[in-house]
Amino acid sequence: MFSVPTNNPLGRSRGEIVRLLRKRESARADELARALGLSKQCVRKHLDALERDGYVCHAIERNGRGRPVHRYRLTTQANELFPKRYELLSQALLVQVEALWGTDGLNAVFCRCAEEVIRRLRPQLEGLGFDARVRKLAQLLDGLGYEARAEKQPDGSYVLTEWNCPVTEVAREYRQLCDRELIVYRELLGAEVFRETRIVAGGASCLYRVLRPRTEKRRAKRKRGHTTIEFRRREI
């Protein structure tokens, strides 16, 4: 059975229209109105909004001498509205990797995945100073679904907070994923990074302390004319 998540941004009526189009592949406005018990005018209004948002498109259907009608269908973009359980495939693959190649093979997979993330993100951080680099990384992570934010602290360090973990279910089973994430951030930022809380360990967020590199500290000290104090936190 197809369903649209209850927390989808469409609202109930548009969600039902999307669900029906998913099942029927295509439909006219009058067909949708009858199925949902809504007026044709109301359905057309919702279809216009869905089309503006890129979730629906239409083609003109001509039947003999009658007036042409619009037949609506979902776009590829509409796939994002339906539940996805990619973690089930990920977990199954990791179980098989460990069964075939052991812990060393599993760790090698996580290492290669981390290297790929670094390879993809590093070009977008190159040439940036420390502050801009941290802010840019937070922006990139936010775009990847981590709901990330970077806040500068009085001592010049940063607190990088991730309010969401897109890989929570896999991370609960495989601590290596969190460990590699920490290494990725250290590599990308060229700085010491310490994790203070983890979502999968019961925290409200994954919180990282990013320490300002010593060269940056000296530069900032010269600008401000006073010393800074470095706080080192216990890593989780």
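Our structure is the block above this text.
First, a word on what this report is: a plain description of the structure on this page. What you are looking at is a predicted structure, and each value in this text was computed from that prediction instead of being measured.

A word on the sheet that holds strand β3 (residues 69-74). Spatial ordering of the open sheet is given by β1-β3-β2, a layout of three strands whose pairing is antiparallel. Both outer strands of the open sheet, β1 (27-28) and β2 (56-61), are each paired with one neighbouring strand and no more. The pairing of β1 with β3 spans two bridges and is classified as antiparallel. If you follow R28 over to β3, its bridge partner there is R71. In the packing of helix α3 (residues 40-52) onto the sheet, the strands contacted are β2 and β3, and the crossing angle to β2 comes to about 120°.

A few words on the layout of surface pockets. Taken as a whole, the largest pocket spans an internal volume of roughly 940 Å³. Lining the largest pocket are 37 residues, with V117, Y146, P166, V167 and L177 positioned closest to its centre. Taken together, the elements giving at least two residues each to the lining of the largest pocket come down to α4 (86-121), α5 (130-146), α6 (168-173), α7 (175-189) and β7 (206-210). Examining the composition of the lining of the largest pocket, we find that 12 residues originate from one element, α4, more than from any other. Of the residues that constitute the lining of the largest pocket, the class distribution is 25 nonpolar, two polar and 10 charged. Approximately 220 Å³ is the volume attributed to the second largest pocket. As for the second largest pocket, its lining consists of R28, A29, D30, K40, R44, R67, P68, V69, H70 and Y72. The element contributing the most residues to the lining of the second largest pocket is β3, with three residues. Class assignment for the residues of the lining of the second largest pocket results in four nonpolar, one polar and five charged.

As a further point, take the sheet that holds strand β6 (residues 193-197). Across the sheet, four strands lie side by side as β4-β5-β7-β6; this open sheet has antiparallel pairing. Two strands bound the open sheet, and with one partner strand each, they are β4 (148-152) and β6. On average, adjacent strands in this sheet sit at an angle of 25° to one another, irrespective of strand direction. In this sheet, strand β5 (residues 158-162) lies alongside β4 in antiparallel orientation, the contact comprising five bridges. Across the sheet, R149 pairs through a bridge with T161, a residue of β5. Packed on one face of the sheet, α7 meets β5, β6 and β7 and runs near 140° to β6.

As a working rule, side chains carrying opposite charge can pair if their charged atoms are close by. Counted under the stated rule, the structure contains 18 salt bridges. In this structure, E16 and R19 form a salt bridge, with 2.9 Å as the shortest nitrogen-oxygen distance. Placement of both E16 and R19 in helix α1 (residues 12-24) is noted, with a separation of three residues, approximately one turn of the helix. Salt-bridge contacts for K152 lead to D131; the nearest nitrogen and oxygen are separated by 3.3 Å. Placement of the pair is K152 in strand β4 and D131 in helix α5, with a sequence separation of 21 residues. Counted as one network, the salt bridges with shared partners bring together R28, D30, E31, R34, E61 and R71.

Once that is clear, we can look at α3. Compared with an ideal rise of 1.5 Å per residue, which puts 13 residues at 18 Å, α3 spans 18 Å between its outermost C-alpha atoms and is within 8% of the ideal. Looking at the buried residues of α3, the elements they touch are α1, α2 (29-36), β2 and β3. Phi turns positive one or two residues past the end of α3, at G54, with a value near 90°.

Attention now moves to the packing of α1 against α3. Their axes nearest at 10 Å, the elements α1 and α3 cross at an angle of 80°. Taken together, the axes of α1 and α3 are roughly perpendicular relative to one another. Facing α1, whose interface residues are S13, R14, I17, V18 and L21, α3 presents V43, H46, L47, A49 and L50. Counted by class, the contact of α1 with α3 contains seven nonpolar, two polar and one charged residues.

The rules behind the values
Residues numbered from 1 in each chain as written. Predicted model: local features only at pLDDT ≥ 70, side-chain atom pairs only at ≥ 80, totals over all residues. Heavy atoms only, no water. Pairing = 2+ DSSP bridges. Helix = DSSP H or I, 4+ residues; strand = E, 2+ residues; numbered from the N terminus. Contact = heavy atoms within 4.5 Å. Axes fitted to C-alpha atoms, helices over the stretch in contact; angles between N-to-C directions. 1 Å grid on protein atoms, 1.4 Å probe; cavity = no way out; pocket = protein on both sides within 12 Å on 5 of 7 lines; lining within 4 Å. Points joined across faces, edges and corners; volume = space filled by probe spheres on them. Nonpolar A, V, L, I, M, F, W, Y, C, P; charged D, E, K, R; others polar. Salt bridge = Lys/Arg side-chain N within 4 Å of Asp/Glu carboxyl O. Expected span 1.5 Å × (residues − 1). Parallel < 35°, antiparallel > 145°, perpendicular 65-115°, else oblique.

The values reported here are purely geometric and, on their own, carry no functional implication.
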